[in-house]
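Next come the chains, spelled out residue by residue.
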Amino acid sequence: MTARIAIVGAGPTGFFLAERLLNQTDVPVAVDLFERLPAPYGLVRYGVAPDHEKIRNVTRAFDRTAARPGFRYAGHVNIGTDLSLDDLRACYDQVCFTTGAQTDRRMGIPGEDLRNSHPATEFVAWYNGHPEFRDCTFHLGARRVAVIGVGNVAVDVARILCRTPEELASTDIADHALEALATSEVEEVMLLGRRGPVQAAFTTPEVKELGELAGADVRVRPEEVTLDPESEIDLAAGDEATRRKVEILQAYAHRIPTGAARTLTLRFLVSPVELLGDDTGAVRAIRLVRNALVRNPDGSLSARATDVAEEIPVGLVFRSVGYRGVPIPGIPFDEKRGVVPNAAGRVLDPTTGAPLPRTYVAGWIKRGPSGVIGTNKPCAAETAAAMLEDLRSGSLSRVTGPDAMDLLRERGVRYLTFPEWESIRSTEEARGKAAGRPRVKLVDPAEYLPSPI
Ligand code: NAP
């Protein structure tokens, strides 16, 4: 008997998991992949920077999965309203959540919510044409922008702010963002790292790219990339990629500015302690304290504030201090870590510690927001192994509930099938071809959603 499996969330992990489940013959399965938004691919469509088109090639593998017998896609379905958790449990032998980390972490400093201070993820979703963020506006009339954090998201944001209109014009950036960024008055983008260059979360290729921008000079203060003895110890014990990253940053400190229209400044060992507002409630400055690094009992190095402070005028702030998972109604949640408690993907009941029957997680909601897209492949494989093992063991009685797609139709929910999505994608690609771009994204669902039932 074919096992019926629901996956909730059609980002990369959802597809990696579907592939793993369908690409085996041991246990016959059918997979339905649900997505809240009409379009699939999650962060590959709405997170990956538009000037990193190559990373999007992974969608070709997702499309091959979608073509496998036993796979169905239902886009524009809200689990919780269109289908409840009880519906899923009645219709499917197993349910796996691959919902990612859908919100941003807070910094907890005064002024965080002043006007023109935004989570970086909002800007990313806006420039990538996410339907729920297409009406956002950002104060691109600001002369100096602070990006807090030095992870790869912060680097993406800084790079997009520094790109010339010509550089952006050949990408699939949303038209509204292309237009707004073309008239941007930003002269300086400051990336703010609370620890030193050895500890910076961004990866080496990303930091190298910052030195290759057509319209921006990269600037680093020599004293902020001169390593303290503890960082020297970590670097000596670290990997080649970190050594290369530090070398690149130290070389930036000796660059002579070319007089480019913009400056991208990388700062280290500084923590924002307050955003200061003007009398209209908009950000006017950021207050920073200088940090020293201290060794923790677990061996890591933390930033500790000194009493040296500075105040820098800024008109726009992006907080890029990491994503955070959001609770799934009816499913246990670890508030501290922002993940669903699990063992190898099996969701655990926090009171008994025992696995909840038929319920699984994979990706960022399972392990937290870390790693690159490909990191989710082994993570999904681990969950798939647990799911298949549970099916193989025969311990699960099979469900006899209705077909979930019938339920959706009965309820008048007009979900999007994969062939319908493929036709939308063809329109985007045809428009892109005509404009010398990979695609021109359709950002208003009203433009492409199929007519109601
Ligand atoms: P991230 O890599 O975890 O970086 C978060 C940054 O915020 C770190 O620099 C962290 O510093 C800093 N931070 C946290 N709390 C802070 C605070 N209170 N004050 C100041 N700074 C603070 O997160 P991310 O950039 O959101 O990226 C998420 C994941 O997606 C990462 O695995 C990333 O590599 C991946 N990603 C990859 C790409 C790519 O491959 N091109 C692009 C985008 C995202 P500490 O280190 O001191 O905590």
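Residues numbered from 1 in each chain as written. Predicted model: local features only at pLDDT ≥ 70, side-chain atom pairs only at ≥ 80, totals over all residues. Heavy atoms only, no water.

Student: Quick rundown of the overall build of the protein chain? Include the residues and the values.
Tutor: Of regular secondary structure, the protein chain possesses 16 helices and 18 strands. The C-alpha atoms of the protein chain give 23 Å as radius of gyration, which agrees with the globular expectation for 453 residues (22 Å, within 12%). Restricting the contact set of the protein chain to residue pairs at least 6 apart, pairs at least 24 apart contribute 75%. For the protein chain, the accessible area works out to roughly 19,700 Å², and carbon and sulfur atoms hold 52% of it. (Helix = DSSP H or I, 4+ residues; strand = E, 2+ residues; numbered from the N terminus. Rg over C-alpha atoms; globule rule 2.2 N^0.38 Å. Contact = heavy atoms within 4.5 Å. Areas by Shrake-Rupley, 256 points an atom, 1.4 Å probe, with all protein chains shown as cover.)

Student: Describe unusual backbone geometry, and please don't skip the residues or the numbers.
Tutor: At leucine 269, a residue that is not glycine, the phi angle is positive and equals roughly 60°. Tracing the backbone shows leucine 269 in the loop between β10 (262–267) and β11 (270–277). For leucine 269, a relative accessible area of 12% puts it in the buried group. (Buried < 20%, exposed > 50% of the residue type's maximum accessible area, 1.4 Å probe, protein only.)

Student: Give me the lowdown on the side chain of arginine 439, citing residues and values where you can.
Tutor: Along the polypeptide, arginine 439 turns up in the loop between α15 (418–435) and α16 (445–448). Ignoring anything within four residues of it in the chain, the contact list for arginine 439 reads Glu53, Arg56, Asp172, Glu428, Glu429 and Gly432.

Student: Summarise the layout of surface pockets; cite the residues concerned and give the values.
Tutor: By volume, the second largest pocket is sized at about 240 Å³. Along the walls of the second largest pocket sit 16 residues, with Arg56, Thr59, Arg425, Glu429 and Arg439 positioned nearest its centre. When residues of the lining of the second largest pocket are traced back to their parent elements, those giving at least two are α2 (43–46), α3 (59–66) and α15. The element best represented in the lining of the second largest pocket is α15, accounting for four residues. Looking at side-chain class alone, the lining of the second largest pocket contains four nonpolar, two polar and ten charged residues. (1 Å grid on protein atoms, 1.4 Å probe; cavity = no way out; pocket = protein on both sides within 12 Å on 5 of 7 lines; lining within 4 Å. Points joined across faces, edges and corners; volume = space filled by probe spheres on them. Nonpolar A, V, L, I, M, F, W, Y, C, P; charged D, E, K, R; others polar.)

Student: Give me the lowdown on the site of the ligand, citing residues and values where you can.
Tutor: Around the ligand, the structure places 22 residues, and the nearest of them are Asn152, Arg194, Arg195, Glu206 and Gly371. Residue glutamate 206 places a side-chain N or O atom 2.9 Å away from a nitrogen atom belonging to the ligand. Considered on its own, the ligand offers 930 Å² of accessible surface; in the complex 81% of this is hidden by protein. Ranked by the residues each element gives to the shell around the ligand, the list is headed by helix α6 (residues 152–162), at three residues. For the shell around the ligand, a count of residues per class yields ten nonpolar, seven polar and five charged. (Near = heavy atom within 4 Å. Polar contact = N/O pair within 3.5 Å; in protein donor to acceptor, adjacent residues only side chain to side chain.)

Student: Before we move on, can you summarise the pattern of salt bridges with the specific residues and values?
Tutor: Going through the model one piece at a time under the given rule, you end up with 46 salt bridges. Across the pair glutamate 428 and arginine 45 runs a salt bridge, and its minimum N-O distance is 2.8 Å. Here arginine 45 lies in helix α2 and glutamate 428 lies in helix α15, a separation of 383 residues in the sequence. Taking the relative accessible area as the measure of exposure, arginine 45 reaches 5% and is therefore buried. One network of salt bridges, in which partners are shared, links Asp51, Asp156, Arg159, Arg163, Glu167 and Glu209. (Salt bridge = Lys/Arg side-chain N within 4 Å of Asp/Glu carboxyl O.)

Student: I'd like a rundown of the sheet that holds strand β12 (residues 283–295), residues and numbers included.
Tutor: If you trace the three strands from one edge of the open sheet to the other, you get β11-β12-β13, paired in antiparallel fashion. Each having just a single partner strand, β11 and β13 (301–313) make up the two edges of the open sheet. Across the sheet, the mean angle from the axis of one strand to that of its neighbour is 20°, orientation sign disregarded. Bridge count for β12 against β13 is ten bridges, and the pairing is antiparallel. Across the sheet, residue leucine 288 finds its bridge partner in β13, namely glutamate 310. Along the sheet, helix α10 (residues 229–237) contacts β12 and β13; its crossing angle with β12, the most-contacted strand, is approximately 70°. (Pairing = 2+ DSSP bridges. Axes fitted to C-alpha atoms, helices over the stretch in contact; angles between N-to-C directions.)

Student: Could you give an account of the sheet that holds strand β17 (residues 346–348), with specific residues and numbers?
Tutor: Each strand in a sheet pairs with another by means of backbone hydrogen bonds, the pair being arranged parallel or else antiparallel. Strands sit in the order β3-β2-β1-β4-β18-β17-β16 across an open sheet of seven strands; the sheet is mixed. In the strand order of this sheet, the two ends are held by β3 (71–75) and β16 (342–343), each with one partner. Across four bridges, strand β1 (residues 3–8) lies against strand β4 (residues 94–97) in parallel orientation. Counted as the bridge partner of alanine 6 is valine 95 from β4. Against the sheet, helix α1 (residues 12–22) engages β1, β2 (29–35), β3 and β4, with an angle of about 170° to β2.

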